[in-house]
Amino acid sequence: MDNTAQEKIINILREKFEGDILQIENPYNFLTITVKKDKIVELIQYLYNHAETQFQYLTDLCGIHFPDQNQIAVSYQLHSLVNNYRIRIKIFLSADHPVTPTLIPVFAGANWMERETYDFYGVIFEGHPNLKRILNVEDMIIFPLRKEYPLEDQVREDKKDYMFGR
Amino acid sequence: MQATDINKPSDIKLVEKPDGYEGAGFFATSLEKVVGMARKNSIWPLPFATSCCGIEFMATMGAHYDLARFGSERLSFSPRQADLLMVMGTIAKKMGPVLKQVYEQMAEPRWVLAVGACASSGGIFDTYSVLQGIDRIIPVDVYVPGCPPRPEQIIDGVMKIQHLVETESLRRRDSAEYKAMLNKYGIE
């Protein structure tokens, strides 16, 4: 996406959400905008409807855990099929209480993505009609992609030291 | 085309008869040996293939390696008629209850062959979502190592199962030890 298109999108966002934009980055030439969490659904709805952006495809929705800051980010990746623009919007939630409204009113496809994000990070999407685990076993009690939980299965025996004469 | 000479000795190998007493018009041996011999050479496997070990199993069943030579050409895709459960591949924890149900649906006597590192111990998948060996949910008779094992190894595993089938006591499945072992897995 060239610079003029990026400028255009940023200006469109600034018109209405000037006070809500926290950070604008461009890693690997991918426009990434961090916003305050309160207006995230409204902001995505705005980008969906605006005649010049028309971000009408939700490519991905996922979580990221930052243990040092005790925060969980939710990343929304949007695609404007008409203009071939792509944009990433991030919000940061407290890891102790990660709650954010659901995006289903804008994108019905957000349903399973939010379930997955709940499954792996424990993010609560308020208003979600069926927020339960989607990939992991139902009786799992942890959110496995949070960094405080070990990746390995703790019952594994063939990696113990005595197996290697240590 | 040359006509087949029916008097020529055949090169088809038949199962050797078990030890016993033989005379004119009779042959006496123990029932256990006869049953063992019959079972050994007509094992119906149920393939439970989830990943690359399943591909090796397809080669094992194919014409080149041909598991049919061991009397196992008839795969049973219903657990009700199967004798041998062949678990080939990574079993995720979510798949665990399914595998256990398949095992419970099999009629006694039943045997289990764990093919490959994943089915035996979890293999490279030392992770929260993968079952660390199927012997955590069902009893296993023979383990075949390898990642994935070659068809020769799978055949070797089946032959070891055959040996177990042949030599198993007819009363083993009624014994208290066997029932206690199943109870340990929570299987009635």
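See the structure printed just above.
So, a few notes on the structure that sits alongside this text. Worth saying up front: this structure is predicted, and the values here are computed from it rather than measured.

Our focus in this paragraph is the overall build of chain B. Counting its secondary structure elements, chain B contains six helices and six strands. Order of helices (α) and strands (β) in chain B, N terminus to C terminus: β-β-α-β-α-β-α-β-α-β-α-α. In terms of principal-axis extent, the alpha carbons of chain B reach across some 65 × 50 × 25 Å. A buried classification covers 29% of the 188 residues belonging to chain B. Put simply, of all contacts in chain B between residues at least 6 apart along the chain, 77% involve residues at least 24 apart.

Bringing the overall build of chain A into the picture now. Counting secondary structure elements, chain A contains three helices and seven strands. Listing every helix and strand of chain A by position from the N terminus yields α-β-β-α-β-β-β-β-α-β. Out of the 166 residues belonging to chain A, those deemed buried represent 23%. Here the analysis covers contacts within chain A between residues at least 6 apart in sequence; of these, 53% occur between residues at least 24 apart.

With that out of the way, let us pick up the pairing of strand E3 (residues 45-49) of chain B. Every other side chain in a regular strand lies on the same face of the sheet, so the side chains alternate between the two faces. Residue and element names in this part refer to chain B. E3 sits mainly inside the fold: four of its five residues count as buried. Two elements, E3 and strand E4 (residues 84-88), share five bridges in a ladder whose sense is parallel. Across the sheet, Ala49 pairs through a bridge with Met88, a residue of E4. Crossover handedness for the path E3 to helix H2 (residues 52-61) to E4: left-handed.

Residues and elements named next belong to chain A. Strand order in the open sheet made by the five strands is E1-E2-E5-E4-E3, with mixed pairing throughout. Both edges of this open sheet fall to strand E1 (21-25) and strand E3 (57-66), since each of them pairs with a single strand only. Sheet twist, expressed as the average angle between the axes of neighbouring strands with direction ignored, equals 20°. Pairing analysis gives three bridges linking strand E2 (residues 32-35) to strand E5 (residues 85-94), with the strands arranged parallel. Within E5, the residue paired with Thr32 across the bridge is Arg88. Each of E1, E2 and E5 is contacted by helix H1 (residues 3-17), which is oriented at about 180° to E1, the strand it contacts most. Here helix H2 (residues 40-49) sits on the sheet in contact with E2, strand E4 (71-80) and E5, set at roughly 10° to E4.

Accessible area lost when the parts come together is the quantity often used to give the size of an interface. The partner chain B presents 10 residues to the 10 residues of chain A that form the contact. Of the residues belonging to the side of chain A that touches chain B, the class tally is four nonpolar, one polar and five charged.

This next bit is on the environment of B:Tyr185. Residue and element names in this part refer to chain B. With respect to the secondary-structure elements, Tyr185 resides in the segment after helix H6 (176-184). You can call Tyr185 partly exposed: it has 14 C-beta atoms within 10 Å. For the pair Tyr185 and Ile138, spaced 47 residues apart in the sequence, the C-alpha separation amounts to 6.3 Å. The residues touching Tyr185, leaving out its near neighbours within four places in the chain, are Ile137, Ile138 and Pro139.

Another point: the environment of B:Lys184. Residues and elements named next belong to chain B. For Lys184, the position within the fold is in helix H6. Looking at Lys184, the number of C-beta atoms within 10 Å reads 9, which means it is exposed. Separated by 166 residues in sequence, Lys184 and Pro18 place their C-alpha atoms 35 Å apart.

A few words now on the sheet that holds E4(B). All names here are of chain B. Overall, parallel pairing links the four strands, which are arranged E3-E4-E5-E6 in an open sheet. Looking at strand neighbours, the two that pair on one side only are E3 and strand E6 (142-144), the edges of this open sheet. Strand-to-strand twist of the sheet, defined as the mean angle between neighbouring strand axes without regard to direction, takes the value 20°. The strands that helix H5 (residues 151-167) touches are E4, strand E5 (111-115) and E6; relative to E5, the one it contacts most, it runs at about 160°.

Here the focus is the packing of H2(B) against H5(B). Residue and element names in this part refer to chain B. Orientation of H2 relative to H5, taken along the N-to-C sense of each, is 75°, at an axis distance of 9 Å. Viewed along their axes, H2 and H5 adopt a mutual orientation that is roughly perpendicular. Note on element contacts: H5 touches H2 through Pro151, Ile154 and Ile155, opposite Glu56, Phe57, Ala59 and Thr60. Considering only residue class, the contact of H2 with H5 consists of five nonpolar, one polar and one charged.

Rules used throughout
Residues numbered from 1 in each chain as written. Chains lettered and ligands numbered in written order. Predicted model: local features only at pLDDT ≥ 70, side-chain atom pairs only at ≥ 80, totals over all residues. Helix = DSSP H or I, 4+ residues; strand = E, 2+ residues; numbered from the N terminus. Buried ≥ 20, exposed ≤ 12 C-beta atoms within 10 Å, placed from the backbone. Contact = placed C-beta atoms within 7 Å. Pairing = 2+ DSSP bridges. Right-handed = clockwise from strand over helix to strand, strands pointing away. Axes fitted to C-alpha atoms, helices over the stretch in contact; angles between N-to-C directions. Nonpolar A, V, L, I, M, F, W, Y, C, P; charged D, E, K, R; others polar. Parallel < 35°, antiparallel > 145°, perpendicular 65-115°, else oblique.

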